[in-house]
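Report on the structure
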Amino acid sequence: MPHPSEHAPSRRTVLATGSALGGTLLTTGLTTTQANAADRAEAAAGHPAAHLAGQPADPWRTVLDDADPVWQRAPTTWYEGPFLGNGFLGSGIYAEPGAPSTAVRFNIQHSEVQDHRPEFGSLFGLARLPIGYFTLEPVGAITGLDWRLSLHDAELTGTLTTEKGSLTLRALVHNDRSVLAVEVTPSAGERDFRWVFHPADAISPRAAFKPLPDGYQGNPPADVADHDGVTAAVQPLLSGGQHVTAWQDRSRGRTRTLYAHVAHSYPRSTALDRALKTVRTSARLPYPDLASDHRAWWHAYYRKSFLSLPDARIQRFYWIQLYKAASAARRDAPVMATSGPWLEPTPWPNTWWNLNAQLEYWLIHGSNHLELDAITRALSEFRDNLAKEVAQPYRGDSLGIPRTTDPHLVNGAAGTLTGYGVGIPGQDPPTPEVGDLTWALHNVWLSYRHTMDKSILRDVLFPLLRKAINYYLHFLEPGPDGKLHLPATFSPEYGGNSRDCNYDLMVLTWGCRTLLESAELLGVHDPLAPRWREVLAKRVSYPTDANGFMIGADIPFAKSHRHYSHLLAVYPLYEVTGRTPDERALIERSLAHWVGFEGALQGYTFTGAASISALLGKGEDALKYLGELMTRFIQPNTMYKESGPVIETPLSAAQSLHDMVCQSWGGVIRVFPALPAGWADLAVHDFRTQGAFLLSARRQGGTTRWVRLVSEAGAPCVVRHGLPGPIDVRDGHGRTLPHSDAGDGAIHIALRKGELALITARGDRPDLTLTPVRPNEDAPRWGLPLAT
């Protein structure tokens with residue numbers, strides 16, 4: 001079978017921007033016709049324009065323009081500069097390292113470009129491969145710059161000032177064509193600026209950090225040649241196949257536009273023809289024509305949800321994460337590697353499944369962007385490879401995923417240098433890290449719960465989770481206490497193997513419960529159901545001590561540790577939620593003990609702590625942890641780094657914000673469950689919840705004014721609305737809807753598919769216009785603005 005990249009990527013369609021607004025119950029202050037007219041005017045002008053005179057402000061445009069990062073100082077690293085992408089092609093932009101006054105670097109990387117030598121494992125032989133970069137080289141030395149990344153248009157605009165004049169530029173990575181287009185308009189003294197492509201050595205980026213496996217060598221150099229006016233760098237691979245970067249620098253009047261495209265093929269060498277064809281067809285279009293449909297996709301993307309809050313810096317951060325997510329992820333793109341499509345030198349040159357992939361995709365659910373869900377697609381498409389990752393005796397009925405894989409979920413040869421196998425409980429080597437697939441399938445379950453799409457449950461979650469849990473069932477054994485116990489396994493990243501490891505007990509418990517619920521929903525009479533019930537009834541309790549949850553029965557939590565693998569039952573599985581005073585005290589004690597060890601804490605430590613605090617309703621604590629994250633770890637362009645670039649932490653911070661604004665675990669929608677006192681005003685629109693509801697709500701002056709829910713699936717609707725005193729519940733025509741008390745401040749509303757409910761204080765008729773809230777105070781923009 002050919003590699004999927006032998007074929008041109010299918011044209012990604014624009015998904016609907018959400019349900020109808022429900023008559024007069026919610027208005028945005030800008031009609032669709034007006035919004036489209038504004039977009040057409042901007043497209044005609046070729047750049048973002050002010051709103052048409054006399055029209056009300058578009059709330060999406062307002063918050064997005066406010067969130068645009070700016071650069072008035074030169075970025076010098078990937079962690080500082082603008083970034084463009086479409087899930088496949090990515091470009092990070094910054095001054096040439098070591099010579100910032102001579103050139104600007106436009107990296108060009110691609111999420112499908114990888115090696116294909118499984119004998120050297122996922123870390124070397126199947127690693128993502130660097131491609132190279134273009135340098136924009138002015139005639140004169142660079143003396144200044146003024147750039148703005150338009151989130152609304154997914155486009156970089158601005159100027160470079162030099163000793164010889166100036167260069168005005170705008171750049172994008174086209175949504176459908178996967179073309180980097182950079183239009184440059186030079187002043188007279190800069191007409192002879194040039195573009196230069198620098199091919200990278202096609203070797204695993206891990207080679208700069210770790211020893212090479214015996215026998216491993218880099219791929220041969222790229223061959224750069226002209227092909228009838230289009231230049232191409234053809235990178236042959238020792239395994240067969242190739243990746244190709246093709247480009248053309250085309251002049252039109254005073255402007256010159258660079259068009260660049262990357263294609264990858266394996267095992268055949270067909271990428272060259274595809275790359276040349278894409279560049280030739282794209283270069284026929286002037287930049288404004290190319291930008292028009294690109295912008296249309298992005299404008300529709302943002303309108304699928306809305307969030308505004310009075311912390312200006314966090315609100316801007318949030319909208320940048322939505323931009324980043326769609327720049328790095330699409331359903332038909334590879335599951336994000338640790339650095340997304342923007343590959344840089346890194347010890348982690350592939351996809352990581354012991355935390356990174358899960359955190360990268362959490363925000364897609366609440367923000368209503370299931371079109372980005374590559375995890376569900378990849379686990380389904382490449383499920384046959386998951387059987388090959390468990391030991392031979394278990395492949396008939398079990399599945400597993402190693403700590404790291406390539407985009408096809410292949411690990412290759414496992415060893416201490418080349419990759420990490422799934423392992424076997426009770427044995428080492430390899431390290432028995434066996435829970436990663438079950439945790440990844442929790443993301444699939446979230447996609448099901450937020451859409452109520454039974455095909456996800458029937459075709460993906462149930463069959464894969466059944467075999468992931470089967471692997472555990474081979475090793476569960478009764479102990480002298482009559483409880484079911486697990487032999488020693490590994491809790492991600494802590495170090496050491498422990499019997500009754502909490503990581504594995506927690507995902508096992510969630511998996512058995514989910515299988516039983518899924519079988520009932522699907523009408524399946526599974527012969528393993530009695531065994532799943534036995535596990536729930538008889539499995540040993542989660543190991544704890546005076547400090548809270550332990551790593552496992554043999555290992556207390558006793559050192560600084562960035563990962564919350566021992567707390568998954570609390571978050572994100574919501575199996576332990578503080579339903580009793582003792583359970584709440586256990587969570588609080590475990591959280592305090594975990595974050596109390598300084599030394600190894602990293603950014604996602606604080607996103608996890610924020611979300612756990614939100615579960616407990618502690619909005620001030622959640623905000624404190626997000627503040628720690630922003631102050632200590634988030635970089636000027638909102639990227640994140642440890643030993644190398646990793647992107648899961650900022651994306652998971654957006655989910656922590658979601659958890660403060662809305663939670664919907666356990667069949668209850670909780671509106672504004674964990675807001676700090678300073679967030680007296682807040683607006684949310686079409687926030688997607690479990691049960692496939694679209695939530696809109698408004699908080700004003702510290703009080704929830706109204707809550708609106710649209711049911712997409714007719715699932716049971718239980719909502720803890722948070723409105724004080726007596727309430728009215730009305731449908732889309734203003735008629736009273738019956739509701740009943742569901743306890744603990746919640747009500748049950750009988751909503752059929754397609755129906756909506758508006759909850760207000762009794763007799764209140766609040767303004768339902770969707771508008772952004774005012775910030776409590778100003779804050780610096782992200783990027784590198786001039787110091788104030």
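Residues numbered from 1 in each chain as written. Predicted model: local features only at pLDDT ≥ 70, side-chain atom pairs only at ≥ 80, totals over all residues. Heavy atoms only, no water.

With a probe scaled to a water molecule rolled over the atoms, the places where space remains empty come into view. Its volume calculated, the largest pocket comes out at about 800 Å³. Lining the largest pocket are 42 residues; nearest its centre among them are Trp445, Ser664, Trp665, Gly666 and Gln690. Class assignment for the residues of the lining of the largest pocket results in 19 nonpolar, 16 polar and seven charged. (1 Å grid on protein atoms, 1.4 Å probe; cavity = no way out; pocket = protein on both sides within 12 Å on 5 of 7 lines; lining within 4 Å. Points joined across faces, edges and corners; volume = space filled by probe spheres on them. Nonpolar A, V, L, I, M, F, W, Y, C, P; charged D, E, K, R; others polar.)

Chain-level statistics for the protein chain give a pLDDT mean of 93 and a share of 93% at 70 or above. Counted against residues more than four places away or in other chains, residues 1–25, with its pLDDT under 50, gives 60 contacts. (pLDDT = per-residue confidence, 0-100. Contact = heavy atoms within 4.5 Å.)

Summed over the entire model, instances satisfying the criterion amount to 35 salt bridges. Across the pair Arg377 and Glu381 runs a salt bridge, and its minimum N-O distance is 3.0 Å. Here the residue Arg377 and the residue Glu381 both occupy positions in helix 9 (residues 374–381), the gap between them amounting to four residues, near one helical turn. In the salt-bridge network here, residues are joined through shared partners; they are Asp66, Arg316 and Asp778. (Salt bridge = Lys/Arg side-chain N within 4 Å of Asp/Glu carboxyl O. Helix = DSSP H or I, 4+ residues; strand = E, 2+ residues; numbered from the N terminus.)

Taking 1.5 Å per residue, 13 residues should reach 18 Å; helix 16 (residues 603–615) reaches 19 Å between its end C-alpha atoms and fits that length. The buried fraction of helix 16 amounts to 13 of the 13 residues, a majority that puts the element mostly inside the structure. Where helix 16 ends, the next residue or the one after it, Gly617, has phi of about 80°, a positive value. (Expected span 1.5 Å × (residues − 1). Buried < 20%, exposed > 50% of the residue type's maximum accessible area, 1.4 Å probe, protein only.)

Another point: the nonpolar core. In this structure, Phe106, Trp319, Leu379, Tyr564 and Ile749 are the most contacted members of the largest nonpolar core, which totals 215 residues. At 12 residues, helix 12 (residues 454–473) tops the list of elements feeding residues into this core. With residues up to four places along the chain from it excluded, the contact list for Phe106 reads Ser91, Gly92, Ile93, Tyr133, Phe134, Leu136, Ala171, Leu180, Val182 and Trp195. Ala275, Leu276, Val279 and Tyr287 belong to the second-largest nonpolar core, a separate cluster that totals 19 residues. (Core = buried A, V, L, I, M, F, W, Y, C linked by side-chain atoms within 4.5 Å.)

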